[in-house]
Amino acid sequence: MSEEILRLESLSKSFGGIRAVNDVSLSLKKGEIVGLIGPNGAGKTTLVNVITGVHPADAGTVHFMGENVTRQRPYQAARRGLCRTFQIVQPFPENSVLDNVAAGAVFGGAVPSLKQARERAMDLLEFVGLQDVASQPASALTLPNRKRLELAKSLAMKPKVLMLDEVNAGLSSGEIDGALDLIRRIAEQGVTILIIEHLMKVVLGVSERIVVLDRGAVIAEGPPMEVVKDERVIEAYLGSKYAQRLKEKTHG
Amino acid sequence: MDIGQILVNGLVLGALYACLAVGFSLVWGVLNVINMLHGSFIVLGGYLTFFAWHSFGIHPLVSLPFVALLLFGIGYLVQYLFVNKVVTAPVLTTLTLTFGLDMILYNIMTVFFSATPRRVTLDLGTLSFFGITMPVDRLFGMALALALTGLLYYVMRKSRIGRAIVAVRMDRAAATLMGIRVNHIYAITFGVGALMAGAAGAIFAMVFPITTNLTGMYIGKAFVVCVIGGLGSVPGALVGGLALGLIESISGHFFGPQHSLTVGFLVMLFILLVKPTGLVGKRGYE
Amino acid sequence: MITRTGLILFAIWVVILATTPLHADNYIVRTAIMISMYSVLALSWNFIGGFTGYPSFATVAFFGLGAYVGAIAQRNGVPMVVAWMLATIVVGAFAAALGSILLRLKGHYFAIGSIAVVEVCRLVISSWRSVTGGGDGLNIPLLRWSPDDVAIFFLMVMLVLMIIVFALNAFVSRHRLGFGLHCIRQNEDAADMVGINTTLYKVIAFTLSALFVGTAGAAYASWVGYIDPTDSFSILMTVKVPVMVLLGGAGTVLGPVIGAASFVVLEEIFWSNFLDWNRAILGMVIVFLIFFLPGGLLRVSFRKVRDRLKGREGVAT
Ligand SMILES: Nc1ncnc2c1ncn2[C@@H]1O[C@H](COP(=O)(O)OP(=O)(O)OP(=O)(O)O)[C@@H](O)[C@H]1O
Ligand SMILES: [Mg+2]
């Protein structure tokens, strides 16, 4: 059994009256790909925000490589190698695509000089397939390309754990195959991946394990094929009526 | 001086401050523009009232509506012709623009009016109650200031224009879809801000001497009131105004009047840092 | 980033300013001193307002504070140059402390907070009579040289300061600090997320925007021999500085120099020719600047100016 890299214990976060993350405990092992799914507003993005210090946790702890990092600031998370992409992409609009990635390398990835950072950035742009637009300002990119840029930027930070918040949303099914391949290749380099996705095809395709979040709480966890058959999961996704009908169908 | 007198002084001053700042707060809250012209609008309103009274013997109460309407027109044009063009630009741009426009207006006023302090003296005597004395013109000014602020509150809540302004503030894009002419509403908002400044100036001219040198101080007070009370609402301006009036009169009593302004600014800095939304702090203009 | 051409232009400009005493009259030399001094202020402001995009109006607070620290030190027998260094250090420390509090604010709130700092400084200095002389101001011992030598000396001082701040600008713009500040300006949350310690970077930028402004203030006090609160903390001056940078081109290294020079020259022309209307004319310059030169003189696109003058719509926002 490989070692644990990230451990969440009873993590909670409320906004006003909404418990966006409710007593979540979770553990990621080194090198594993875990899918995090759940209906809209389940608290997936908020969970990532709490882990990376964007929002301070109300309760609970985050341990990263044995160290308690619950109170860290986002820049510290990035430097530790606890990296994420933004669901709502956050480029530096005036910087070139290359410099966007170089920023990740020089600040998060501790590359000593800007020159080296740009070299590394170019490699990563090739890796995600953006080498042709490297000199364009980031604001000129199409949405799928912006998502790729997010990915390249977070890879530049030399992640140990990478949390991908819907990087594949808005891609056509042809593009998705490429994206899946990319994610597998990242994982092969030993990066632990937490992938958040609505598209079942993606999550089921790459994840070794799936965690289901509903209304802030973990309602199911396990191997992909078992989790999708779980009644509570079907109910959370489709509503109780459909779940009932589905059950009747399969039983009768 | 006893405590009652200090409090009454503070409240009277505070009502005037609320009226002085409410237009500034409206523009800032709805347009997200810091209107550096506000102080000059106040002085202009005061001067016009003074000259109507001094040269033609028109009572301030009679001239006030006309002065206010004139200021509305000026404000509407300033927004329509200038500020609207850069209204979505960063803070620095809009602030610098209104500052530049203010330099022009200020210069025009100094050339035409000179910097002599001017005041409308109504000679209404003083009133004494429970050992507290108060010049009647101040009480009159306070009543007027409160009435105008209340009127603005009512208009913002009940009139179509008021609701359109609130809608634009909440969501510019949605308001456009609903068929609201955003530029027109912005210009009206700015006009209303100027109108309130002009009215405040008219009231001030009855109570204190007015000079062009005071524009900076008026702007400063408007800042403080908005930050203390909370931006973008009539109740916020009212609370902020009264708070500043009380702060000035109390600190003036203890540390001397020359320090009351400093204390006001310090309180403002403090509130900025601990509760940037202000005491009343809520979103949406009501 | 600065090009070789930019460096050469700057060098030529320094030479022109430095040689004014050789061929021009006192008035021109005085103007050259003012140009160098405002270049120091504009270049300093560039760190916070240009690179980082925080609309600071605190420059004049640093200037006035530097002037007062220098003046008080000199009156108490501290040698002039030591007094200037003292002013630099005090102002730098003040800015660092202030920045760590004030930079939590953004946008309009930051702008207002910085204006409030100016006002509070002015009011405190005005009322602290025993130390600052209050509203009567302070006299500073004057240099006992010939007026020409004094002018040359202060021209050199301001020029040296200008070169230092210029070099610092050029250095920062190439360095990861400048790169990080540029990221903060575009998207502060994203900057935080890629590993930039945004608080630290902003405080550094704010301190850099103050340091040599403090020195310039102290040197200015020694030059003119008299300071008072209204002059040293004038709100007009605090707005002038960002306007100069906008005029030249914010976030560039050469922009603030060009902006400061053109602004001071314009101002001098207006002062001498239109005494009654100089303020209005400056106001019109500002309005013109915002509508027709939104990127500053360095980024002038004459085609666009022509289009605008013809009345076509579309101000860059
Ligand atoms: N900054 C915030 N302030 C207030 N409420 C928030 C904030 N961020 C998230 N929420 C609320 O927390 C809940 C969880 O939102 P979150 O974005 O984490 O869901 P999600 O699972 O990522 O949804 P989606 O699939 O749509 O991305 C929602 O009800 C949302 O409105
Ligand atoms: Mg989400």
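In this text the structure is predicted, and so the values were computed from the model without any measurement.

Participant: How would you sum up the interface of chain B and chain C? Please name residues and give values.
Facilitator: Contacts between chain B and chain C engage 36 residues on the former and 41 residues on the latter. Regarding the contact of chain B and chain C, the summed buried area is about 3600 Å², with carbon and sulfur atoms giving 85% of it. Counting the surface chain B buries against chain C, the share from its top three residues, B:Leu92, B:Met103 and B:Leu273, is 17%. For the interface between chain B and chain C, the tally reads 0 salt bridges. In this assembly, chain B and chain C are joined by 4 residue pairs in polar contact (both at pLDDT 80 or more). Within the residue set of the side of chain B that touches chain C, elements represented by two or more residues are helix H4 (91-113), helix H9 (215-229) and helix H11 (260-274) of chain B.

Participant: So what about the sheet that holds strand E3 (residues 33-37) of chain A? Which residues, and what values?
Facilitator: Sheet strands pair by backbone hydrogen bonding; their relative direction is either parallel or antiparallel. Residue and element names in this part refer to chain A. Taking strand neighbours across the sheet as the criterion, the 6 strands line up as E6-E7-E8-E3-E9-E10 in an open arrangement whose pairing is mixed. Only two strands of the sheet have a single neighbouring strand rather than two, namely strand E6 (82-84) and strand E10 (217-222). Taken over all neighbouring pairs, the strand axes of this sheet differ in orientation by 20° on average, direction set aside. The sheet strands contacting helix H1 (residues 44-51) are E3, E6, strand E7 (161-165), strand E8 (192-196) and strand E9 (209-214), and the helix crosses E6 at an angle near 145°.

Participant: Lay out the site of ligand 1 with the relevant residues and their values.
Facilitator: All names here are of chain A. Around ligand 1, the structure places 13 residues, and the nearest of them are Gly41, Lys44, Thr45, Thr46 and Gln87. In this structure, an oxygen atom belonging to ligand 1 sits 2.7 Å away from a side-chain N or O atom of Thr45. Burial of ligand 1 by the surrounding chains reaches 65%, relative to a free accessible area of 640 Å². Breaking the shell around ligand 1 down by element, the ones donating at least two residues are strand E2 (18-29) and H1.

Participant: Could you give an account of the coordination of the magnesium ion (ligand 2), with specific residues and numbers?
Facilitator: Tetrahedral coordination by four donors puts the ideal angle at the metal at 109.5 degrees, and octahedral coordination by six puts it at 90 or 180 degrees. All names here are of chain A. Within the protein, the atoms that donate to the magnesium ion (ligand 2) are Thr45 (OG1) and Gln87 (OE1), at distances of 1.9 to 2.1 Å. Placement of the pair is Thr45 in helix H1 and Gln87 in the loop between E6 and helix H3 (97-108), with a sequence separation of 42 residues. Residue classification places Gln87 among the partly exposed residues on the basis of a relative accessible area of 30%.

Participant: Break down the side chain of A:Lys153 for me, with residues and values.
Facilitator: By secondary structure assignment, the location of A:Lys153 is in helix H5 (residues 143-156). A:Lys153 has contacts with A:Gln90, A:Pro91, A:Phe92, A:Asn100, A:Val101, A:Gly104, C:Ala190 and C:Val194, leaving out every residue within four places of it along the chain.

Participant: Break down the sheet that holds strand E5 (residues 67-68) of chain A for me, citing the residues and quoting the values.
Facilitator: Residues and elements named next belong to chain A. Taken together, the 4 strands give an open sheet; going across it, the order is E2-E1-E4-E5, and neighbouring strands pair in antiparallel fashion. Whereas interior strands pair on both sides, the edge strands pair on one side only; in this sheet they are E2 and E5. When strand E4 (residues 59-64) meets E5, the two strands line up antiparallel, connected through 2 bridges. Directly across from Phe64, in E5, lies its bridge partner Glu67.

Participant: So, the packing of aromatic side chains: which residues are in play, and what are the values?
Facilitator: Evaluated as defined, the whole model comprises 30 aromatic pairs over all chains. Seen from their ring centres, C:Tyr54 and C:Phe110 are 5.1 Å apart, and the 85° between their planes marks the pair as edge-to-face. Of this pair, C:Tyr54 sits in the loop between helix H3 (26-51) and helix H4 (59-75) while C:Phe110 sits in helix H6 (residues 107-127), and the two are 56 residues apart along the sequence. Judged by its relative accessible area of 5%, C:Tyr54 falls in the buried class. Its relative accessible area of 0% is what places C:Phe110 among the buried residues. Among the aromatic residues, those joined into a cluster by ring pairs are B:Tyr47, B:Phe50, B:Phe51, B:Trp53 and B:Phe113. Looking at A:Arg84, its charged tip hangs above the ring of A:Phe86, at a distance of 4.2 Å from the centre. Between the NZ or CZ atom of C:Arg279 and the centre of the ring of B:Tyr106, over which it lies, the distance is 4.0 Å.

Participant: Tell me about helix H3 (residues 60-81) of chain B, and name the residues and values.
Facilitator: All names here are of chain B. An ideal rise of 1.5 Å per residue puts 32 Å on 22 residues; H3 measures up with 30 Å between its terminal C-alpha atoms. Within the sequence span of H3, burial applies to Pro60, Ser63, Leu64, Val67, Ala68, Leu71, Gly75, Tyr76, Val78 and Gln79. For H3, the elements touching its buried residues are helix H1 (3-31), helix H2 (38-56), H4, helix H5 (136-158) and helix H8 (182-207).

Participant: Explain the interface of chain A and chain C to me, using residue names and the numbers behind them.
Facilitator: Contact residues are listed per partner, giving 28 residues for chain A and 21 residues for chain C. Summed over both partners, the interface of chain A with chain C buries about 2000 Å², with 60% contributed by carbon and sulfur atoms. Taken together, the connections running from chain A to chain C amount to 2 salt bridges. A salt bridge links C:Arg185 to A:Glu94, with the nearest nitrogen and oxygen atoms 3.0 Å apart. The tally of links from chain A across to chain C stands at 11 residue pairs in polar contact (both at pLDDT 80 or more).

Participant: Give me the lowdown on the nonpolar core, citing residues and values where you can.
Facilitator: Among the nonpolar cores identified, the biggest contains 258 residues, and A:Leu162, A:Ile193, B:Leu20, B:Phe223, C:Tyr38, C:Phe62 and C:Phe206 are the most heavily contacted of them. Here this core takes 18 residues from H8(B), the largest share from any one element. Beyond its immediate sequence surroundings of up to four residues, A:Ile193 is in contact with A:Glu32, A:Ile33, A:Val34, A:Leu162, A:Leu164, A:Ile183, A:Ile186 and A:Ala187.

Participant: Describe empty space enclosed by the protein, with residues and values.
Facilitator: Summed over all chains, the structure comprises 3 cavities of 30 Å³ or more. Forming the boundary of the largest cavity are A:Arg84, A:Thr85, A:Phe86, A:Glu150, A:Lys153, A:Ser154, A:Met157, C:Ala190, C:Met193 and C:Val194. Only H5 of chain A together with helix H10 (188-193) of chain C provide two or more residues apiece to the lining of the largest cavity. By residue number, the principal contributor to the lining of the largest cavity is H5(A), which donates 3 residues. In terms of residue class, the lining of the largest cavity is built from 5 nonpolar, 2 polar and 3 charged.

Participant: Explain a nonpolar patch on the surface to me, and be specific about the residues and the numbers.
Facilitator: Residues and elements named next belong to chain B. A grouping of Ile3, Leu7, Ile250, Phe254 and Phe255 is seen on the molecular surface, where their side chains present a nonpolar patch of about 540 Å² in accessible area. Those elements that provide at least two residues to the nonpolar patch are H1 and helix H10 (234-255). A total of 3 residues in the nonpolar patch trace back to one element, the largest contributor, which is H10. As for its placement among the helices and strands, Leu7 is situated in helix H1. The exposure class assigned to Leu7 is partly exposed, which follows from its relative accessible area of 38%.

Participant: Residues and numbers for the domain arrangement of chain A, please.
Facilitator: Residue and element names in this part refer to chain A. Segmenting chain A into domains produces domain 1 (1-81 + 159-225) and domain 2 (88-157). Its C-alpha centre places domain 1 at a distance of 22 Å from the equivalent point of domain 2. Both sides of the domain 1 and domain 2 interface together cover about 1200 Å² of buried area, and 68% of this is carbon and sulfur. The three residues of domain 1 that bury the most area against domain 2 are Pro159, Val167 and Leu182, which together make up 35% of that side's buried surface. Joining domain 1 to domain 2, the criterion identifies 1 residue pair in polar contact (both at pLDDT 80 or more). With 4 residues, helix H6 (residues 173-188) is the largest single contributor of residues to the side of domain 1 that touches domain 2. A class-by-class count of the residues in the side of domain 1 that touches domain 2 yields 9 nonpolar, 2 polar and 4 charged.

Rules behind the numbers
Residues numbered from 1 in each chain as written. Chains lettered and ligands numbered in written order. Predicted model: local features only at pLDDT ≥ 70, side-chain atom pairs only at ≥ 80, totals over all residues. Heavy atoms only, no water. Contact = heavy atoms within 4.5 Å. Buried area = accessible area lost by both parts, 1.4 Å probe. Salt bridge = Lys/Arg side-chain N within 4 Å of Asp/Glu carboxyl O. Polar contact = N/O pair within 3.5 Å; in protein donor to acceptor, adjacent residues only side chain to side chain. Helix = DSSP H or I, 4+ residues; strand = E, 2+ residues; numbered from the N terminus. Pairing = 2+ DSSP bridges. Axes fitted to C-alpha atoms, helices over the stretch in contact; angles between N-to-C directions. Near = heavy atom within 4 Å. Areas by Shrake-Rupley, 256 points an atom, 1.4 Å probe, with all protein chains shown as cover. Donors = N, O, S within 2.8 Å, 3.2 Å for Na, K, Ca; no water. Buried < 20%, exposed > 50% of the residue type's maximum accessible area, 1.4 Å probe, protein only. Phe/Tyr/Trp six-rings, centres within 6.5 Å; stacked < 30°, edge-to-face > 60°. Lys NZ or Arg CZ within 6 Å of the ring centre and 35° of its normal. Expected span 1.5 Å × (residues − 1). Core = buried A, V, L, I, M, F, W, Y, C linked by side-chain atoms within 4.5 Å. 1 Å grid on protein atoms, 1.4 Å probe; cavity = no way out; pocket = protein on both sides within 12 Å on 5 of 7 lines; lining within 4 Å. Points joined across faces, edges and corners; volume = space filled by probe spheres on them. Nonpolar A, V, L, I, M, F, W, Y, C, P; charged D, E, K, R; others polar. Patch = residues over 30% accessible without salt bridge, like charges linked within 9 Å, V, L, I, M, F, W, Y side chains within 5 Å. Domains from an automatic or database assignment.

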